[in-house]
Amino acid sequence: ARAPAARGVAPAGARSLSVLKEVGLDKWQYQLPLGIWLAVPVISNEVLMLSEETQLVGVFAMFCGASYVLGNQAVADMLDAKGSAIIAQHNALEDEAIASIKEVVDAHHGRVALLGELQSISAAQAEAMGLLKAAKTMELKHAVRDEIVKKLDTLVAKDELVTSGIQAKLVADAAASVSGQFGSADVKAKALAEAIDALSSPDKKPALVTNLFAAHFKASASAAAAKSGKEVELSAAAVAELNDELAALAKRDGYDGPVEKMAAKVAA
(Lines give C-alpha, C1' and ligand atoms only; values in the text may rest on other atoms or scores of the structure.)
Protein backbone atom coordinates (compact mmCIF):
# COMPACT_ATOMS: atom_id res chain seq x y z
CA ALA A 1 0.00 0.00 0.00
CA ARG A 2 1.18 3.45 -0.84
CA ALA A 3 0.95 6.26 1.77
CA PRO A 4 -0.86 9.49 0.69
CA ALA A 5 1.22 12.58 0.10
CA ALA A 6 1.59 14.92 3.08
CA ARG A 7 -0.95 17.75 2.99
CA GLY A 8 -0.13 21.39 3.61
CA VAL A 9 3.57 21.13 2.77
CA ALA A 10 4.48 24.00 0.45
CA PRO A 11 7.12 23.40 -2.16
CA ALA A 12 10.58 24.75 -1.49
CA GLY A 13 10.94 28.35 -2.69
CA ALA A 14 7.16 29.06 -2.93
CA ARG A 15 6.00 32.49 -1.75
CA SER A 16 3.43 32.65 1.12
CA LEU A 17 -0.04 33.99 0.26
CA SER A 18 -0.34 36.04 3.47
CA VAL A 19 1.06 39.55 3.01
CA LEU A 20 0.26 40.49 6.63
CA LYS A 21 2.29 37.55 7.83
CA GLU A 22 5.24 38.69 5.78
CA VAL A 23 5.16 42.18 7.38
CA GLY A 24 4.50 40.80 10.84
CA LEU A 25 0.83 41.92 11.16
CA ASP A 26 -0.74 38.45 11.38
CA LYS A 27 -1.65 38.84 15.09
CA TRP A 28 -5.01 40.26 16.11
CA GLN A 29 -3.32 42.55 18.63
CA TYR A 30 -1.80 44.41 15.64
CA GLN A 31 -4.70 44.01 13.24
CA LEU A 32 -7.38 45.57 15.52
CA PRO A 33 -5.60 48.90 16.12
CA LEU A 34 -4.58 49.05 12.47
CA GLY A 35 -8.15 48.42 11.39
CA ILE A 36 -9.54 51.16 13.66
CA TRP A 37 -6.84 53.55 12.48
CA LEU A 38 -7.70 52.91 8.84
CA ALA A 39 -11.49 52.87 9.37
CA VAL A 40 -11.70 56.36 10.94
CA PRO A 41 -10.47 58.32 7.85
CA VAL A 42 -12.30 56.01 5.47
CA ILE A 43 -15.64 56.56 7.24
CA SER A 44 -15.07 60.24 7.99
CA ASN A 45 -14.20 61.00 4.36
CA GLU A 46 -17.21 58.97 3.25
CA VAL A 47 -15.05 56.66 1.21
CA LEU A 48 -17.13 53.84 2.65
CA MET A 49 -20.83 54.48 3.32
CA LEU A 50 -22.27 52.41 6.18
CA SER A 51 -25.56 51.57 4.44
CA GLU A 52 -27.63 48.36 4.56
CA GLU A 53 -25.76 46.92 1.58
CA THR A 54 -22.39 47.62 3.21
CA GLN A 55 -23.51 45.98 6.42
CA LEU A 56 -24.71 42.90 4.47
CA VAL A 57 -21.37 42.72 2.68
CA GLY A 58 -19.57 42.94 6.00
CA VAL A 59 -21.74 40.26 7.55
CA PHE A 60 -21.18 38.02 4.50
CA ALA A 61 -17.45 38.62 4.64
CA MET A 62 -17.45 37.84 8.37
CA PHE A 63 -19.40 34.65 7.68
CA CYS A 64 -16.96 33.59 4.98
CA GLY A 65 -14.01 34.36 7.21
CA ALA A 66 -15.51 32.50 10.17
CA SER A 67 -16.37 29.54 7.94
CA TYR A 68 -12.84 29.50 6.57
CA VAL A 69 -11.23 29.81 9.97
CA LEU A 70 -13.50 27.39 11.84
CA GLY A 71 -14.46 24.89 9.13
CA ASN A 72 -11.43 24.60 6.91
CA GLN A 73 -9.84 21.91 9.08
CA ALA A 74 -13.03 19.80 9.15
CA VAL A 75 -13.45 20.06 5.35
CA ALA A 76 -9.78 19.27 4.87
CA ASP A 77 -10.01 16.28 7.21
CA MET A 78 -13.12 15.07 5.40
CA LEU A 79 -11.42 15.36 2.00
CA ASP A 80 -8.24 13.73 3.36
CA ALA A 81 -10.29 10.86 4.82
CA LYS A 82 -12.15 10.42 1.55
CA GLY A 83 -8.86 10.50 -0.39
CA SER A 84 -7.27 8.03 2.01
CA ALA A 85 -10.28 5.72 1.65
CA ILE A 86 -10.06 5.94 -2.15
CA ILE A 87 -6.32 5.30 -2.07
CA ALA A 88 -6.79 2.39 0.37
CA GLN A 89 -9.49 0.90 -1.86
CA HIS A 90 -7.27 1.37 -4.90
CA ASN A 91 -4.35 -0.24 -3.08
CA ALA A 92 -6.56 -3.16 -1.99
CA LEU A 93 -7.65 -3.70 -5.60
CA GLU A 94 -4.02 -3.57 -6.70
CA ASP A 95 -3.07 -6.05 -3.97
CA GLU A 96 -5.82 -8.41 -5.13
CA ALA A 97 -4.66 -8.07 -8.73
CA ILE A 98 -1.04 -8.73 -7.67
CA ALA A 99 -2.14 -11.78 -5.64
CA SER A 100 -4.09 -13.09 -8.65
CA ILE A 101 -1.06 -12.56 -10.90
CA LYS A 102 1.15 -14.35 -8.35
CA GLU A 103 -1.29 -17.28 -8.31
CA VAL A 104 -1.18 -17.40 -12.12
CA VAL A 105 2.64 -17.29 -12.05
CA ASP A 106 2.76 -20.04 -9.41
CA ALA A 107 0.35 -22.14 -11.47
CA HIS A 108 2.52 -21.58 -14.55
CA HIS A 109 5.63 -22.60 -12.57
CA GLY A 110 3.78 -25.75 -11.46
CA ARG A 111 2.85 -26.54 -15.06
CA VAL A 112 6.45 -26.00 -16.19
CA ALA A 113 7.71 -28.26 -13.39
CA LEU A 114 5.10 -30.89 -14.29
CA LEU A 115 6.11 -30.66 -17.94
CA GLY A 116 9.75 -31.22 -16.94
CA GLU A 117 8.78 -34.26 -14.88
CA LEU A 118 6.68 -35.62 -17.75
CA GLN A 119 9.61 -35.13 -20.13
CA SER A 120 11.88 -36.98 -17.69
CA ILE A 121 9.32 -39.80 -17.41
CA SER A 122 8.98 -39.92 -21.20
CA ALA A 123 12.78 -40.11 -21.63
CA ALA A 124 13.01 -42.86 -18.99
CA GLN A 125 10.15 -44.74 -20.66
CA ALA A 126 11.82 -44.44 -24.08
CA GLU A 127 15.09 -45.72 -22.60
CA ALA A 128 13.29 -48.61 -20.90
CA MET A 129 11.49 -49.46 -24.14
CA GLY A 130 14.81 -49.44 -25.98
CA LEU A 131 16.35 -51.77 -23.42
CA LEU A 132 13.28 -54.02 -23.53
CA LYS A 133 13.40 -54.07 -27.32
CA ALA A 134 17.09 -54.99 -27.29
CA ALA A 135 16.46 -57.69 -24.68
CA LYS A 136 13.50 -59.13 -26.60
CA THR A 137 15.48 -59.02 -29.84
CA MET A 138 18.34 -60.90 -28.18
CA GLU A 139 15.89 -63.36 -26.64
CA LEU A 140 14.28 -63.94 -30.04
CA LYS A 141 17.70 -64.47 -31.63
CA HIS A 142 18.59 -67.01 -28.97
CA ALA A 143 15.23 -68.76 -29.38
CA VAL A 144 15.63 -68.91 -33.17
CA ARG A 145 19.23 -70.09 -32.77
CA ASP A 146 18.19 -72.81 -30.32
CA GLU A 147 15.40 -73.88 -32.67
CA ILE A 148 17.77 -74.01 -35.64
CA VAL A 149 20.37 -75.91 -33.60
CA LYS A 150 17.71 -78.37 -32.47
CA LYS A 151 16.56 -78.92 -36.05
CA LEU A 152 20.13 -79.28 -37.24
CA ASP A 153 20.77 -81.79 -34.48
CA THR A 154 17.69 -83.67 -35.61
CA LEU A 155 18.91 -83.63 -39.21
CA VAL A 156 22.38 -84.78 -38.15
CA ALA A 157 20.91 -87.59 -36.07
CA LYS A 158 18.61 -88.55 -38.92
CA ASP A 159 21.52 -88.43 -41.38
CA GLU A 160 23.64 -90.62 -39.11
CA LEU A 161 20.75 -93.02 -38.69
CA VAL A 162 20.17 -93.20 -42.45
CA THR A 163 23.90 -93.50 -43.12
CA SER A 164 24.27 -96.32 -40.60
CA GLY A 165 21.19 -98.00 -42.07
CA ILE A 166 22.61 -97.73 -45.58
CA GLN A 167 25.95 -99.06 -44.41
CA ALA A 168 24.30 -101.96 -42.61
CA LYS A 169 22.18 -102.74 -45.68
CA LEU A 170 25.23 -102.55 -47.97
CA VAL A 171 27.16 -104.90 -45.69
CA ALA A 172 24.20 -107.27 -45.42
CA ASP A 173 23.64 -107.22 -49.20
CA ALA A 174 27.36 -107.71 -49.79
CA ALA A 175 27.48 -110.63 -47.34
CA ALA A 176 24.40 -112.20 -48.91
CA SER A 177 25.82 -111.70 -52.42
CA VAL A 178 29.21 -113.18 -51.50
CA SER A 179 27.58 -116.05 -49.62
CA GLY A 180 25.36 -116.72 -52.64
CA GLN A 181 28.36 -116.81 -54.95
CA PHE A 182 29.93 -119.60 -52.89
CA GLY A 183 27.19 -121.90 -54.20
CA SER A 184 28.80 -121.95 -57.67
CA ALA A 185 31.42 -124.63 -58.56
CA ASP A 186 33.87 -122.07 -59.95
CA VAL A 187 33.98 -120.06 -56.67
CA LYS A 188 34.28 -123.26 -54.64
CA ALA A 189 37.21 -124.40 -56.80
CA LYS A 190 38.97 -121.05 -56.37
CA ALA A 191 38.39 -121.14 -52.60
CA LEU A 192 39.76 -124.70 -52.42
CA ALA A 193 42.83 -123.71 -54.45
CA GLU A 194 43.49 -120.69 -52.19
CA ALA A 195 43.14 -122.92 -49.10
CA ILE A 196 45.64 -125.42 -50.48
CA ASP A 197 48.05 -122.62 -51.43
CA ALA A 198 47.71 -121.11 -47.95
CA LEU A 199 48.57 -124.48 -46.39
CA SER A 200 51.54 -124.96 -48.64
CA SER A 201 52.72 -121.33 -48.45
CA PRO A 202 51.85 -119.69 -45.12
CA ASP A 203 52.97 -116.27 -46.39
CA LYS A 204 50.41 -116.26 -49.17
CA LYS A 205 47.04 -114.85 -47.98
CA PRO A 206 43.71 -115.76 -49.60
CA ALA A 207 42.15 -112.90 -51.59
CA LEU A 208 38.97 -114.49 -53.00
CA VAL A 209 36.58 -113.21 -50.33
CA THR A 210 38.11 -109.75 -50.42
CA ASN A 211 37.88 -109.64 -54.21
CA LEU A 212 34.22 -110.77 -54.10
CA PHE A 213 33.32 -108.03 -51.58
CA ALA A 214 35.27 -105.43 -53.60
CA ALA A 215 33.54 -106.51 -56.81
CA HIS A 216 30.13 -106.28 -55.14
CA PHE A 217 30.81 -102.77 -53.74
CA LYS A 218 32.16 -101.64 -57.12
CA ALA A 219 29.03 -102.90 -58.85
CA SER A 220 26.83 -101.17 -56.29
CA ALA A 221 28.75 -97.92 -56.79
CA SER A 222 28.38 -98.15 -60.55
CA ALA A 223 24.65 -98.79 -60.19
CA ALA A 224 24.29 -95.79 -57.87
CA ALA A 225 26.25 -93.60 -60.28
CA ALA A 226 24.01 -94.72 -63.13
CA LYS A 227 20.90 -93.71 -61.13
CA SER A 228 22.32 -90.26 -60.16
CA GLY A 229 20.11 -87.40 -61.42
CA LYS A 230 17.23 -89.73 -62.22
CA GLU A 231 13.98 -90.20 -60.38
CA VAL A 232 13.80 -93.19 -58.12
CA GLU A 233 10.47 -94.57 -56.97
CA LEU A 234 10.26 -95.17 -53.23
CA SER A 235 8.42 -98.03 -51.71
CA ALA A 236 5.04 -97.48 -50.06
CA ALA A 237 6.52 -98.30 -46.63
CA ALA A 238 9.31 -95.75 -47.08
CA VAL A 239 6.85 -93.05 -48.21
CA ALA A 240 4.57 -93.77 -45.21
CA GLU A 241 7.55 -93.63 -42.82
CA LEU A 242 8.67 -90.27 -44.24
CA ASN A 243 5.14 -88.81 -43.99
CA ASP A 244 4.89 -89.93 -40.36
CA GLU A 245 8.22 -88.28 -39.57
CA LEU A 246 7.16 -85.02 -41.25
CA ALA A 247 3.91 -85.00 -39.25
CA ALA A 248 5.82 -85.66 -36.01
CA LEU A 249 8.23 -82.77 -36.72
CA ALA A 250 5.35 -80.37 -37.47
CA LYS A 251 3.58 -81.38 -34.26
CA ARG A 252 6.76 -80.95 -32.22
CA ASP A 253 7.33 -77.45 -33.65
CA GLY A 254 3.73 -76.40 -32.93
CA TYR A 255 2.67 -76.22 -36.57
CA ASP A 256 -1.08 -76.83 -36.93
CA GLY A 257 -1.37 -76.29 -40.69
CA PRO A 258 -1.53 -78.93 -43.40
CA VAL A 259 1.66 -80.94 -43.96
CA GLU A 260 2.54 -81.67 -47.58
CA LYS A 261 2.86 -85.38 -48.31
CA MET A 262 6.14 -86.89 -49.48
CA ALA A 263 6.35 -87.62 -53.19
CA ALA A 264 6.62 -91.25 -54.23
CA LYS A 265 9.48 -90.44 -56.61
CA VAL A 266 12.60 -88.53 -55.64
CA ALA A 267 15.77 -87.52 -57.49
CA ALA A 268 18.68 -89.83 -56.79
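In short, a report on the structure.

Cut-off values and rules
Residues numbered from 1 in each chain as written. Predicted model: local features only at pLDDT ≥ 70, side-chain atom pairs only at ≥ 80, totals over all residues. Heavy atoms only, no water. 1 Å grid on protein atoms, 1.4 Å probe; cavity = no way out; pocket = protein on both sides within 12 Å on 5 of 7 lines; lining within 4 Å. Points joined across faces, edges and corners; volume = space filled by probe spheres on them. Helix = DSSP H or I, 4+ residues; strand = E, 2+ residues; numbered from the N terminus. Nonpolar A, V, L, I, M, F, W, Y, C, P; charged D, E, K, R; others polar. Salt bridge = Lys/Arg side-chain N within 4 Å of Asp/Glu carboxyl O. Buried < 20%, exposed > 50% of the residue type's maximum accessible area, 1.4 Å probe, protein only. Axes fitted to C-alpha atoms, helices over the stretch in contact; angles between N-to-C directions. Parallel < 35°, antiparallel > 145°, perpendicular 65-115°, else oblique. Left-handed = near helix turned anticlockwise from the far one by under 90°. Contact = heavy atoms within 4.5 Å. Patch = residues over 30% accessible without salt bridge, like charges linked within 9 Å, V, L, I, M, F, W, Y side chains within 5 Å. Areas by Shrake-Rupley, 256 points an atom, 1.4 Å probe, with all protein chains shown as cover. Expected span 1.5 Å × (residues − 1). Arc of directions from axis to C-beta. Bend = angle between axes of the 7 residues up to and from the residue.

**Section: the layout of surface pockets**
There is about 780 Å³ of room inside the largest pocket. Taken together, 21 residues line the largest pocket, and the ones lying closest to its centre are Lys158, Val162, Ile166, Ala238 and Leu242. Contributing elements (two or more residues each) for the lining of the largest pocket: helix H3 (52-181) and helix H6 (236-252). Looking at side-chain class alone, the lining of the largest pocket contains 12 nonpolar, three polar and six charged residues.

**Regarding the pattern of salt bridges**
What the rule picks out here adds up to four salt bridges. With a shortest N-O distance of 3.6 Å, Glu147 and Lys150 are connected by a salt bridge. Here Lys150 and Glu147 lie together in helix H3, a separation of three residues that amounts to about one turn. Take Lys150: its relative accessible area is 37%, and that puts it in the partly exposed class. With its nearest N and O atoms 2.9 Å apart, the salt bridge here joins Lys169 to Asp173. Here the residue Lys169 and the residue Asp173 both occupy positions in helix H3, the gap between them amounting to four residues, near one helical turn. Looking at Asp173, the relative accessible area reads 32%, which means it is partly exposed.

**Observations concerning the packing of H3 against H6**
Two elements in contact, H3 and H6, have axes whose closest approach is 13 Å; the angle formed by their N-to-C orientations is 160°. Here H3 lies roughly antiparallel to H6, going by the angle between them. Here H3 and H6 pass one another in a crossing that is right-handed. For the pair H3 and H6, the contacting residues are Lys151, Thr154 and Lys158 in the first and Glu241, Glu245, Leu249 and Arg252 in the second. A per-class count over the contact of H3 with H6 returns one nonpolar, one polar and five charged.

**Quick notes on a nonpolar patch on the surface**
A cluster of nonpolar side chains, namely Leu140, Val144, Ile148, Leu152 and Leu155, defines an oily patch on the protein surface of about 470 Å² accessible area. With respect to the secondary-structure elements, Leu152 resides in helix H3. Accessibility expressed as a relative area gives 47% for Leu152, which makes it partly exposed.

**Overview of H6**
Under the 1.5 Å per step criterion, the end-to-end length of H6 is 24 Å for 17 residues, consistent within 8% with the ideal 24 Å. Those residues of H6 not exposed but buried are Val239, Asn243 and Ala250. For H6, the buried positions fall inside an angular range of 35° around the axis, keeping them on one side. Exposed positions of H6 whose direction lies more than 90 degrees from the buried face are Ala237, Asp244 and Lys251. Downstream of H6 by one or two residues, Gly254 has phi in the positive range, about 80°.

**Quick word on H3**
Its 130 residues place the ends of H3 184 Å apart at the C-alpha level, agreeing with the 194 Å of an ideal helix rising 1.5 Å per residue. Along H3, the largest kink reaches about 55° and is centred on Gly71. When H3 is considered as a whole, its buried residues turn out to be Ala76, Asn91, Ala174 and Val178.

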